[in-house]
Amino acid sequence: MTSAREVVTALRDVVGDEPFVGLHIPDITALEKQRVQECLDSTFVSSVGAFVTEFEQGIAAFTGAAHGIAVSNGTSALQVALELADVRAGDDVIVPTLSFVATANAVSHVGAQPYFVDSDPDTLGMSVESVAGVLRAARSTPDGLVNEATGRRIGAIVPMHTLGHPMRIAELVSLAAEYDVAVVEDAAESLGSRVGGVHTGTFGRLGIISFNGNKILTTGGGGMIIADDDELARRARHRTTTAKLPHRWEFEHDEVAYNYRMPNLNAALGVAQLERLPGFLDAKRRLAARYRERFAGVPGVTFLDEPPGTESNYWLCAVRIDGGFAVRDEVLAATNDDGLQCRPLWNLLHAQAPYRHLPHAAVPTAEALHASVVCIPSSPALAAS
Ligand SMILES: *Cc1c(COP(=O)(O)O)cnc(C)c1O
């Protein structure tokens, strides 16, 4: 039986005795201040500027994607990526029920509907078997694959790498290819996570990353679309920057588009953070190793490790607590009472107000994960404590 007290003691052994220990605190140093100051001094604080290009090229080089398109946040990145994957209004998009609400909201923003599937107990990611069940039951039509459960065309599949742990992306991509359905990767949480050395977000037709304040690298708010295809990248850039045709002074726009460009000020912060990313990744790996070792002896508690064959960024370290919601909530109460900011996983999307009326696949594993996983303090600075 898990004792909440024992979890508090174990966490304190690793993170030290600061009265408040946040779940994930941005790590800002003189370097960030210097880059942001340079940006302010340049007066190019808004949607045009050299930091945006430098940040895009830096993320592309880091992930191995041919192109990066910096945008206002991860949600807008996913919305545009879905549009460019030819998801249409009225389509279904297959989404894990265990994800942050943005994954489903981006689907709604393009007029499509999420069709929620189950999760994999080992990776916390979308279950490939659950997706295979939907695709196998689907009807092939001249217009594409039609979901048996809803009568809607299946426009895309959106896997997500939960807490930074890579899901079984190679298997999913080959399954999707068999059925000719596009994969758009929600790599919002997994900057620095790789499968067989290949960066997450580069397996699908397009991928997206978030740089929100709580992510491993922050631009304040921000996101990026990553893609290998030149034409998709060109269209992503065009559509997120008002679809303006290049001209020295004319304002001519050739489609209804968005103002989703990342401001240069945010990109300046991103450029500095990107320089420090290898250090963040190293710190998180050391923190994860200390948690793993400390929790090994705690009964009823399992530290969540990176899946075999993958390299996780350990964005949020987490433990699985045996005993269901009641014990999970005891642990959440005891840790938070002690100043240790711990959090459960998100409430499952198929049960949230905007989505609970939708049909969905059976999701027993996601329900079990929701009842048992607790995210624990994961700031890179904790590796030094
Ligand atoms: C953070 C996050 C997003 C959205 O990113 P924002 O930048 O906050 O819009 C999307 N999906 C997942 C899984 C996330 O964790």
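Structure first, text after, so check above.
A few points on the structure. (Residues numbered from 1 in each chain as written. Predicted model: local features only at pLDDT ≥ 70, side-chain atom pairs only at ≥ 80, totals over all residues. Heavy atoms only, no water.)

**Some remarks on the overall build of the chain**
- From N to C terminus, the chain includes eleven helices and 16 strands.
- A compact globule built from 385 residues should have a C-alpha radius of gyration of about 21 Å, and the chain, at 21 Å, falls within 12% of that.
- Summarising its shape, the C-alpha atoms of the chain cover approximately 65 × 60 × 35 Å along the three principal directions.
- Classification of the 385 residues of the chain by burial places 56% in the buried group.
- Carbon and sulfur atoms form 53% of the exposed surface of the chain, whose accessible area is close to 15,400 Å².
- When the 31 positive and 46 negative side-chain charges of the chain are each reduced to one mean point, those points stand 2 Å apart. (Helix = DSSP H or I, 4+ residues; strand = E, 2+ residues; numbered from the N terminus. Rg over C-alpha atoms; globule rule 2.2 N^0.38 Å. Buried < 20%, exposed > 50% of the residue type's maximum accessible area, 1.4 Å probe, protein only. Areas by Shrake-Rupley, 256 points an atom, 1.4 Å probe, with all protein chains shown as cover. Lys, Arg positive; Asp, Glu negative; His and termini not counted. Charge placed at Lys NZ, Arg CZ, Asp CG, Glu CD.)

**Some thoughts on the packing of helix α2 (residues 30-42) against helix α9 (residues 264-295)**
- Interhelical geometry of α2 versus α9 gives an angle of 150° and a closest axis separation of 8 Å. As the angle between them shows, α2 and α9 are arranged roughly antiparallel. Considering the relative orientation of α2 and α9, their crossing is right-handed. Taking contact as the criterion, the partners of L31, E32, R35, V36, C39 and L40 in α2 are, on α9, N264, L265, A268, L269, V271, A272, Q273, E275 and R276.
- By residue class, the composition of the contact of α2 with α9 is nine nonpolar, two polar and four charged. (Axes fitted to C-alpha atoms, helices over the stretch in contact; angles between N-to-C directions. Parallel < 35°, antiparallel > 145°, perpendicular 65-115°, else oblique. Left-handed = near helix turned anticlockwise from the far one by under 90°. Contact = heavy atoms within 4.5 Å. Nonpolar A, V, L, I, M, F, W, Y, C, P; charged D, E, K, R; others polar.)

**Considerations on the state of the cysteines**
- Under the definition given, this model contains zero disulfides.
- Of the cysteine sulfurs around C317, a residue in no disulfide, the closest is that of C375, at 9.3 Å.
- Residue C317 is classed as buried on the basis of its relative accessible area of 1%.
- Cysteine C375 remains unbridged, with the sulfur of C342 as its closest cysteine sulfur at 8.6 Å. (Disulfide = S-S within 2.5 Å.)

**Focus on the site of the ligand**
- Close to the ligand lie 15 residues, the nearest being G74, T75, E189, S210 and K215.
- E189 is positioned with one of its side-chain polar atoms (N or O) 2.5 Å from an oxygen atom of the ligand.
- Here an oxygen atom of the ligand and a side-chain polar atom of S210 are 2.8 Å apart.
- When isolated, the ligand has an accessible area of 380 Å², and the protein chains bury 93% of it.
- For the shell around the ligand, the per-class residue count stands at four nonpolar, eight polar and three charged. (Near = heavy atom within 4 Å. Polar contact = N/O pair within 3.5 Å; in protein donor to acceptor, adjacent residues only side chain to side chain.)

**A word on the environment of R153**
- Along the chain, R153 turns up in the loop between β5 (144-146) and β6 (154-157).
- The exposure class assigned to R153 is buried, which follows from its relative accessible area of 16%.
- C-alpha separation for the pair R153 and D91, spaced 62 residues apart in sequence, amounts to 5.0 Å.
- When sequence neighbours within four positions are dropped, the list of residues in contact with R153 reads D86, R88, D91, D92, D143, L145 and V146.
- A polar side-chain atom of R153 sits 3.0 Å from the main-chain carbonyl oxygen of D143.

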